[in-house]
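A look at the structure
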Amino acid sequence: MSATLAYLPSPSQDFVPDGKPDRWAVWRSPAGQPRWARPALLGIAFVAAVLYAWNLPLVDYAPLYAEAVKSMSGSWKGFLFGAIDAEATYTLDKLAGSFVPQVISAKIFGYHEWSLALPQVIEGVISVLVLYRVVRRWAGVAPGLLAAGIFALTPVAASMFGHSMHDGFLTLCLVLAVDAYQRAVLEARLRSLVLAGVWVGIGFQAKMLQAWMILPALLAGYLLSAPVESRRRMKHVGIAGVVTLAVSLSWIALYTFTPADDRPYVDGSTNNSAAAMVFGYNGLGRVGISIPGAREVTDGDVPIVVPDAPPPPMIDIIPAIRGNPWEDPTKAASRESPLGWGKLFDGHLPVAVGWLFPLTVLALLCGLWWWRRAERTDPVRGGLVMWGVWLLTFGLIFSVGTVPHTAYVASLAPPVAALSALGIVMFWRAYRRGGRQTWLLPLAVAAELAWGAWLWSHYPNFLPWAKWGTLALGAVAIVALVLARALKSASPTMVTAALALGVAAVLAAPATYAFSVLDPDYAGTSYDANAGPESGKIPGGPQSGEMPDRPEPGGMPGGIPGGAPGGMPGDGGGG
C-alpha cells in the first residue's frame, strides 16, 4: 500500500467524526469520513435531481417505447413479452425487461409523459450516489465527490436521465455491478462477485449486449487484484459467469420456449426468434456481421418484409420536436459529425460525454506508471486497470460499430468521471509537493483547454459568451499555475487560488452544456439524449431544411416498429 500513500490518502485515513453515528441522521457523515463529506454529497445529489427532473412537466412520450409501456401495463401477456399493441401480437426489437421500471411507475402514478420519465430521474440520482461510494472506497472522499459531481454534470447524463430512455436503467445497472464487484475484489468475496453478475444480467434486459461490454473490465480487475490464489480466482469468475449468463438469457428463454402461436411476433428477426433479434440485429449486425434469422441492418434501417409475420400495428413514430433545430442559428454545426473511427473525437458524441477525455487518459497513464511496482492486490492499481479496460472496451466498440442514439455513450460516463476525478486529486497533490510532477496539472489544464476549444468549435453559435469565458478562465488558470510555482515567493493562498482556477477551468465546459438542459430547447428529447445545440435533431434525419412530415392518421412510415420516416434509422439499434 506504500505506492498508494504516495499520491492518495488511504480511505481508512480519512477524518473520523467524534461520537456514535446516528443511522437516521442522513446528513451526517459516517465514521471514517470527514464531517463535510455527507453534506457535500447530498448537495451534489440535490443538484442532479433538480437537473434531471427540471423538464418533467414538459417531457414527451418516447416513440414506440411509450406504446410498449402502455401494452405491458394492460395485460400480463403484454408485460411478459414486451408487446407494443393491446392485442399482444407484435414486440419491439427490445427485451421486455427494458421497460419494467416505466411500467411500474405507470401502474403507480398512471400513464403520463412524466410518470414514464420519472424512473430515469431516480436512476440518475442513485447512480450519482453509488458512484461516489465506489470511488470513495477506491481512492478516498475527495475523488469520490469529484466523480459524483462530474458524472452528474456530464451532458448526456443531464439529458438522458430526464427522459424516458432505458439507457439510464443500463447505466445504473453498470454502476451497481461495479459497486458489488469492488466488494468482491477487495475481499475475494464470491457472493459479491455473483451479485455483480446479477446486475450485469439485469442490465442485459435493458440494453442487451451493451451490458456485456463491461465484463472484460470486471474480469481483468478481479483476476489481477483479488487477494486469493489464482485457482480460487478462476473458480469465482466461472461461477459468477454462469450466473451472469443465466440472468441475462432468462427473458430470451421465455420467448424461445413459448410456442410461437402463444406469444407476439419478435421484431428485429425474420424467423420470430428472440435470439436472432438480440445477438444478430442488435448485436453483431451493428458491426456488419449477419447471422441467420436476424433482420438486416441497413443505412435506412428499412425492414425486410416477412411473409409469415402478422401485420404490424400502425403507430405514429415521429418524435415530438420543439421548434426547428435545423433552422435555429444557435444549433448550427460548423461541420458534419464523423461516422467512422473518429466519431468519439468530433461532433455530438464527444460533446455529450468526452469533454474530459484528455484528463482521463493522462490520469490513467500516470496512475498506471506510478503504481507499476505496487503489489498485485493493490486496490488503486486494480481500480485503474478495471476503469481503463471499461473505457477502452466501450470506446473501441463504439468507434467500430454504429451509434444511432447519443444515449449509448452514457456508458462511458462512469469511467470518465472516476478517472478524471482521480487525476484532479493526483495532479493537485503533485502540484503542491513540487518537483517535476508539478507541471502535470498545468499540462492537463492546457490539454483540456485546447480540447474544449476544438469540441466547442463544432457549434460556434452556441453560448459564445460561455465559450470565450471558459477559454479565458483556462488561460488565466494556466498562467496562475505557472506563476505560483515559478515565483518562489508565492503564498499558499496564491497556490490554492491557482489550483481552484485550474479545476474550475477543466469542468466549466461540460457543466455549461449540462446546465443548458434547464432551457427546454436544449434539453434533448425522449428520442435522443442531446444536451445543448444538438437537442431536437433526429439521428440520421435531415441535416438542414424543413422538418420531416408526420404520417397520415392510421399510417406509419417505415412499415413496422423500427422502421422510420424518410429513411431515418429507427431505434433498432437499442441493443
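Look a little higher up for the structure.
Residues numbered from 1 in each chain as written. Predicted model: local features only at pLDDT ≥ 70, side-chain atom pairs only at ≥ 80, totals over all residues. Heavy atoms only, no water.

Some points on helix α6 (residues 113–139)
This is how it is decided: Only DSSP runs of H or I with at least four residues qualify as helices, and only runs of E with at least two residues qualify as strands; both kinds are numbered from the N terminus onward. In this scheme, a helix's expected span is set at 1.5 Å multiplied by one less than its residue total. Type-normalised accessible area, obtained with a 1.4 Å probe on protein chains alone, sets the label of each residue: buried when under 20%, exposed when over 50%, and partly exposed for intermediate values.
Its 27 residues give α6 an end-to-end C-alpha distance of 40 Å, which sits within 8% of 39 Å, the value for a rise of 1.5 Å per residue. Burial analysis of α6 places 21 of its 27 residues in the buried class, which makes it a mostly covered element. Downstream of α6 by a residue or two, Gly140 has a phi angle that is positive, lying close to 120 degrees.

Quick word on the environment of Leu412
Heads up, the rule is: When checking whether two residues touch, look at their non-hydrogen atoms; a contact exists if any pair is within 4.5 Å.
Looking at the element boundaries, Leu412 is found in the loop between α17 (379–400) and α18 (413–433). Spatially, the C-alpha atoms of Leu412 and Val353 are 7.1 Å apart, while their sequence positions differ by 59 residues. Contacts of Leu412, omitting those with residues within four sequence positions, involve Leu344, Val353, Phe357, Leu391, Phe394, Gly395 and Phe398.

Considerations on the packing of aromatic side chains
Counted only if it meets this: Stacked, edge-to-face and tilted labels apply to pairs of Phe, Tyr and Trp rings (six-membered ring for Trp) whose centres lie within 6.5 Å, assigned for plane angles under 30 degrees, over 60, and everything in between, in that order.
Throughout the structure, instances matching the rule amount to 23 aromatic pairs. Ring centres 6.5 Å apart and planes at 35 degrees place the aromatic pair Phe357 and Trp451 in the tilted group. In this pair, Phe357 is assigned in helix α16 (residues 357–370) and Trp451 in helix α19 (residues 440–456), connecting sequence segments 94 residues apart. Here Phe357 and Trp451 have matching classes, each one buried. Seen in terms of ring centroids, Phe462 and Tyr522 are 5.2 Å apart; in terms of plane orientation they differ by 65 degrees. Their pairing is edge-to-face. One end of the pair, Phe462, is in the loop between α19 and α20 (464–486); the other, Tyr522, is in the segment after α21 (492–515), and 60 residues separate them in sequence. Taken together, Trp138, Trp387, Trp390, Phe394 and Phe398 form an aromatic cluster joined through their ring pairs.

Brief notes about a nonpolar patch on the surface
For clarity, the cut-off: Only residues whose relative accessible area exceeds 30% and that take part in no salt bridge are eligible for patches, with like-charged residues grouped when within 9 Å of each other and nonpolar side chains (Val, Leu, Ile, Met, Phe, Trp, Tyr) grouped when within 5 Å. Using a 1.4 Å probe, accessible areas were evaluated by the Shrake-Rupley method; residue-level cover was limited to the displayed protein chains. Salt bridge criterion: a side-chain nitrogen from Lys or Arg within 4 Å of a carboxyl oxygen from Asp or Glu.
Side chains of Leu284, Val287, Ile289, Trp341, Leu392, Leu396 and Val400 sit close together on the surface and give an oily, nonpolar patch of about 670 Å² of accessible area. Note on placement: Leu392 falls in helix α17.

Quick look at the pattern of salt bridges
Applying the stated criterion to the full structure yields seven salt bridges. Its salt-bridge partner being Arg137, residue Asp179 comes within 3.2 Å of it at the nearest N-O pair. Residue Asp179 is located in helix α9 (residues 167–187), and its partner Arg137 is located in helix α6; the two are separated by 42 residues in the primary sequence. In this pair, the class of Asp179 matches that of Arg137, namely buried. The shortest N-O distance in the salt bridge between Lys207 and Asp167 comes to 2.9 Å. Of the two residues, Lys207 sits in helix α10 (residues 190–207) while Asp167 sits in helix α9, which places them 40 residues apart along the sequence. For the pair Lys207 and Asp167, a shared accessibility class is recorded, and that class is buried.

Examining the nonpolar core
Soluble globular proteins: nonpolar side chains tend toward being buried together. Put simply, the rule reads: What we call a nonpolar core is a set of buried Ala, Val, Leu, Ile, Met, Phe, Trp, Tyr and Cys residues that are connected through their side-chain atoms within 4.5 Å.
If you look at the biggest cluster of nonpolar residues, it comprises 160 residues, and the most contacted ones within it are Tyr52, Trp138, Trp387 and Phe427. Here Tyr52 is in contact with Val121, Gly124, Val125, Val128, Phe151, Ala152, Ala157, Ala158, Phe161 and Gly162, once residues within four sequence places are set aside.

Quick word on unusual backbone geometry
A positive phi angle, near 65 degrees, is found at Asn272, a position not held by glycine. For Asn272, the location among the structural elements is in the loop between α13 (230–257) and α14 (274–281). Given a relative accessible area of 12%, Asn272 falls into the buried group. In the Ramachandran plot, Leu463 falls in the positive-phi region, its phi being about 45 degrees despite a non-glycine side chain. Position of Leu463 among the secondary structure elements: in the loop between α19 and α20. By relative accessible area, Leu463 is classed as partly exposed at 25%.

Overview of the packing of α6 against helix α7 (residues 141–152)
Stated precisely, the cut-off is as follows: Helix axes are fitted only over the stretch in contact, all axes being lines through C-alpha atoms; the angle between N-to-C directions runs from 0 to 180 degrees. By the definition adopted for this analysis, an angle is roughly parallel if under 35 degrees, roughly antiparallel if over 145, roughly perpendicular if from 65 to 115, and oblique otherwise. Here a crossing is taken to be left-handed if its near helix is turned anticlockwise relative to the far helix by less than a right angle, and right-handed if that turn runs clockwise. Any residue outside Ala, Val, Leu, Ile, Met, Phe, Trp, Tyr, Cys, Pro, Asp, Glu, Lys and Arg is labelled polar, Gly included; the first ten of those are nonpolar and the last four are charged.
In the contact formed by α6 and α7, the axes pass within 7 Å of each other and the chain directions differ by 150 degrees. With respect to α7, the axis of α6 lies roughly antiparallel. Considering how the two elements wind past one another, α6 and α7 form a crossing that is right-handed. On α7, the residues that touch Gly124, Ser127, Val128, Leu131, Tyr132, Val135, Arg136 and Ala139 of α6 are Val141, Pro143, Gly144, Leu145, Ala147, Ala148, Phe151 and Ala152. Of the residues that constitute the contact of α6 with α7, the class distribution is 12 nonpolar, three polar and one charged.

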